[in-house]
Amino acid sequence: MFPSLGLFQSLPCPDKQHCTRLNCLFSHRSEITAIPVTPVPVDSPKPASAHPSSSTYSAASKPSTSAIASASDSSSIPAKRPVSSPLRVASPSNGTSAGEPPAKFQRTGTLKRQSAVPSGLQTNSAGVPVLRVNAAQSQVPVPVRQAMLKSLYDHFVVLYEKILPTNPTLAAEHALKQEEEVYKKSTRLTYRNAVISSIAALKRRSKPDSASHDSVGTELDVQTRAEVREKVAAMRLTAAQLEPYVLSIDEMKKWGYVVEVPSGPGGDKPHEEGSVMTCERCNQKFKVKRRENADQCRYHWGKPYSSKVNGEKRRVYTCCARTADEEGCQTGPHVFYETDPEDLHRRHAFTPSRPPADSGDTALDVVALDCEMIYTTGGMRVARVSVVDAAGKAVFDEYVRMDEGVEVIDFNTRFSGINEENYATAVLPLSAIRKSMDAFINSQTIIIGHALENDLKTLRMVHHRCVDTAVLFPHTAGPPYKRALRALAKEYLGQTIQAAGAEGHSSVEDSIATLDLVRWHVLNGTKPKPTPSTAQSIPASGGT
């Protein structure tokens, strides 16, 4: 046995005279009978008072040693404080309860996984998108995500092989977006399988032949588009539903509609061949000539917008990013464009839409209309008219032959979709087209369109029952600014239209898009406040 150090010799043996231990650690001396207690002074609460300065604090103000000893006799507690001790149950100084952790260690709200989603799109020379995420916040290793992203990109390239020449970044954009969707809805363990499922779904899609095809987009895009299309397609618009959306005469005037037939005989000067006009493209004076003899100019087909380069704000064009003082990026013939109703009336006379027939009227209650225009010696003239009914079915789609003496200068194919081949199929002039349209449009038919005043002007039609998507979905800057139909269809319908690039637009596609936008607005938008109709206050026909 090891020798005892005598550490417990100051404590009496708990068994005392009954102790049976041979070498007891405790003391058996008769004078040691109690366990010593370490006194701890407990100060009674005192009223708050100002602390004395160090200069006035003296030894006289300190309690004496005897005073401490006497206080300890009356109010001493054991060294180990019991649970019931007032020092244990006293509230902490930070204001929280004793059983409550400090506020900085308390968690509020629901726990949320850190999210690491792409912050932008970068592509290398091969076109593969590069994932830009914070690796510390990503639940899945970034190299794994980049590998999965490349696999998604490769399959999007195969799917979009027919449309990539006109939309070269589409595969990269959709691959990046698809990877983000998968990451957000999966965990570290399920991520890889979720990507594989997405790739399998891509393989099952049919290859799109246009950017507006149902197969274009991520899984969420396709699903959302299908749901919106189901709702919209199931709805057949009625005149009663659209009545609150019909523009008043005052609103039509504000948006540039022709609300009455201009004065004069109309059609007395169908063209300006040989006259000097101002080119709409380059703002230079030119002599109006036919296409084969027309003088050429350099111009920008895009629109100017404000851009900052190296901190300097400047106006550049959307087509080529050049400034207004730089040479145009395209060559084409000089053309002119007229907006004044009097000038338009002289080219081809305005006429009002026909009144309803007493019986057997075949006119529809609701139609959507869109026109495509080309440049001629008589200004910008209609070359194609498309009309769809309330169900979105095309009821009229015809090319328009120019009036006698009016010659084509530029087909404006990038925007009109008209070229020499399809224009050659035009048989009816505008007057005959208008008579054909009387079969399903009368003065009570509600016509839907986007920036409809332009279509009615080129048709030389005065009509007072109009619903305009440019007004239903206004530009943030207000009139006369208007949002593009392409942007509205993408935002509200999830559809990509006017994606043919230099091949131009389709008036049937645009008509259906405007109809669907109005359907969407009736289902989801804010119903406009009713305005008193003043359509009857202005006669449709003017003086002659």
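Look a little higher up for the structure.
Residues numbered from 1 in each chain as written. Predicted model: local features only at pLDDT ≥ 70, side-chain atom pairs only at ≥ 80, totals over all residues. Heavy atoms only, no water.

Draft legend 1. Representation of the overall build of the chain. Along the chain, the regular secondary structure elements total 16 helices and 17 strands. Looking at the chain as a whole, 38% of its 544 residues qualify as buried. Residue pairs at least 24 apart in sequence account for 64% of intrachain contacts in the chain once pairs closer than 6 positions are excluded. Of the roughly 31700 Å² that the chain leaves accessible, carbon and sulfur atoms contribute 53%. (Helix = DSSP H or I, 4+ residues; strand = E, 2+ residues; numbered from the N terminus. Buried < 20%, exposed > 50% of the residue type's maximum accessible area, 1.4 Å probe, protein only. Contact = heavy atoms within 4.5 Å. Areas by Shrake-Rupley, 256 points an atom, 1.4 Å probe, with all protein chains shown as cover.)

Draft legend 2. Structural context of the side chain of R465. Positionally, R465 belongs in the loop between β16 (461-462) and β17 (466-468). On the accessibility criterion, R465 (15% relative accessible area) is buried.

Draft legend 3. How the structure looks around the nonpolar core. Among the nonpolar cores identified, the biggest contains 39 residues, and Y257, L369, V385, V387, M437 and L459 are the most heavily contacted of them. For this core, the secondary-structure elements that each account for two or more residues are α8 (249-254), β5 (296-299), β10 (366-376), β11 (379-389), β12 (394-401), α12 (430-437) and α13 (452-459). Take this core: its biggest share by element is five residues, from β10. Formed by 25 residues, the second largest nonpolar core is a distinct cluster that contains L149, Y183, L202 and V216. (Core = buried A, V, L, I, M, F, W, Y, C linked by side-chain atoms within 4.5 Å.)

Draft legend 4. Spotlight on the packing of helix α3 (residues 142-159) against helix α5 (residues 191-204). The geometry of α3 relative to α5 is characterised by a closest axis approach of 10 Å and an angle of 5° between their N-to-C directions. Between α3 and α5, the crossing angle belongs to the class labelled roughly parallel. The residues of α5 that touch α3, namely those facing V144, R145, M148, S151, L152, H155, F156 and L159, are Y191, R192, V195, S198, I199, L202 and K203. Among the residues making up the contact of α3 with α5, the classes are represented as nine nonpolar, three polar and three charged. (Axes fitted to C-alpha atoms, helices over the stretch in contact; angles between N-to-C directions. Parallel < 35°, antiparallel > 145°, perpendicular 65-115°, else oblique. Nonpolar A, V, L, I, M, F, W, Y, C, P; charged D, E, K, R; others polar.)

Draft legend 5. Examining the pattern of salt bridges more closely. If you walk through the whole model with that rule in mind, you get 23 salt bridges. The closest approach of N and O atoms between R290 and E407, which form a salt bridge, is 3.7 Å. Here the residue R290 occupies a position in the loop between β4 (285-287) and β5, and E407 occupies one in the loop between β12 and β13 (408-410), the gap between them amounting to 117 residues. Residue R298 pairs with E327 through a salt bridge whose shortest N-O separation is 3.8 Å. Taken together, the residues R298 in strand β5 and E327 in the loop between β7 (312-317) and β8 (330-333) connect sequence positions 29 residues apart. Accessibility expressed as a relative area gives 36% for R298, which makes it partly exposed. For E327, a relative accessible area of 53% puts it in the exposed group. A cluster of three or more residues bridged by salt bridges with shared partners is formed by K269, E272, E338 and R347. (Salt bridge = Lys/Arg side-chain N within 4 Å of Asp/Glu carboxyl O.)

Draft legend 6. Representation of unusual backbone geometry within the structure. The omega torsion of the bond from P479 to P480 falls at 0°, within 30 degrees of zero and hence cis. With respect to the helices and strands, P480 occurs in the loop between α14 (469-472) and α15 (485-493). Unusually for a residue other than glycine, N283 sits at a positive phi of about 60°. Its place among the elements puts N283 in the loop between β3 (276-278) and β4. A positive phi is found at A321, a non-glycine position, where the angle reads about 65°.

Draft legend 7. The packing of aromatic side chains, seen in detail. In the structure shown here, the tally under the stated rule is nine aromatic pairs. A ring pair is formed by Y183 and Y191, whose centres lie 6.4 Å apart and whose planes are at 75°; its orientation type is edge-to-face. In this structure, Y183 and Y191 share a single accessibility class: buried. Here the aromatic rings of F473 and Y492 are separated by 4.7 Å at their centres, their planes lie at 50°, and the arrangement is tilted. Here F473, found in the loop between α14 and α15, pairs with Y492, found in helix α15; they are 19 residues apart in sequence, far enough to count as distant. (Phe/Tyr/Trp six-rings, centres within 6.5 Å; stacked < 30°, edge-to-face > 60°.)

Draft legend 8. Quick peek at α13. Taking burial as the measure, the eight residues of α13 include seven buried ones, the bulk of the element. Within α13, burial applies to L452, E453, D455, L456, K457, T458 and L459. Looking one or two residues past α13, R460 carries a phi angle of roughly 55°, positive in sign.

Draft legend 9. Representation of the pairing of strand β15 (residues 446-449). Going residue by residue along β15, you find I446 and I448 tucked away on one face and I447 and G449 tucked away on the opposite face as well. Summarising the sheet, β10 and β15 pair through three bridges and their orientation is parallel. By the bridge assignment for β15, V367 is matched with I447. Two strands pair when backbone bridges link them, and β15 and β17 are joined in this way by three bridges, in the parallel orientation. Following the sheet pairing, I447 is matched in β17 by C466. (Pairing = 2+ DSSP bridges.)

It is worth stressing that arrangement in space is one thing and function is another; only the former is reported here.
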